[in-house]
Amino acid sequence: MTRTRVKYAVALTAAALGTTMFVAAPASASDSVTWKRNCTDDRTYVGYVDDHTATTTRKSDGDCLGWAYVRIKVQGSWGTWGSSSTKATRTSPVYKIEASQHKDCDCSNPNIKTLYP
């Protein structure tokens, strides 16, 4: 083999392995997540996906003013953020949810969590 062919084969192998690692990583993600937003009295947020058709972000204790936000990825595209002062929900009755994102405020430094059902 020529030096160019060897470099090409090595590059293709590395690209294939990198793609495999990238695709395999989301499969191990959880279908729920809990986190706290730092305030004077931390607010707890919970995001979860139900059965590939619905997802929710809910806030519970604490005193943060931030709302709960959620959006879903369906057919390769992210939808708009849904929001609520206590519990935001997005559903997809026709297509399976590929991923969901959950955040704790519409500000310059939100905590954004991504889930893969």
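About the criteria used
Residues numbered from 1 in each chain as written. Predicted model: local features only at pLDDT ≥ 70, side-chain atom pairs only at ≥ 80, totals over all residues. Heavy atoms only, no water. Helix = DSSP H or I, 4+ residues; strand = E, 2+ residues; numbered from the N terminus. Disulfide = S-S within 2.5 Å. Polar contact = N/O pair within 3.5 Å; in protein donor to acceptor, adjacent residues only side chain to side chain. Salt bridge = Lys/Arg side-chain N within 4 Å of Asp/Glu carboxyl O. Pairing = 2+ DSSP bridges. Axes fitted to C-alpha atoms, helices over the stretch in contact; angles between N-to-C directions.

Here we come to unusual backbone geometry. Even without a glycine there, the phi angle at Q75 is positive, about 50°. Summarising the element assignment, Q75 is placed in the loop between β4 (68-74) and β5 (77-78).

Put plainly, two cysteines are in a disulfide when a covalent bond ties their sulfur atoms together. Inspection of every chain in the model, using the stated rule, returns one disulfide. The side chain of C105 participates in a disulfide bridge whose partner is C107; the two sulfur atoms lie 1.7 Å from each other.

Within the secondary structure, K59 sits in strand β3 (residues 54-59). Among the polar contacts made by the side chain of K59, one reaches the main-chain carbonyl oxygen of S85 at a distance of 3.1 Å.

Glancing now at the pattern of salt bridges. What the rule picks out here adds up to one salt bridge. Between D106 and K103 there is a salt bridge, with its nearest N and O atoms 3.4 Å apart.

Another point: the sheet that holds strand β7 (residues 87-91). The strand order across the open sheet formed by four strands is β1-β2-β3-β7, and the pairing between neighbours is antiparallel. With one partner strand each, in any of the chains shown, β1 (32-37) and β7 form the two edges of the open sheet. Strand after strand, the sheet turns through a mean of 10° between neighbouring axes, direction not considered. Where β1 lies against strand β2 (residues 43-50), six bridges are found, and the strand directions are antiparallel.

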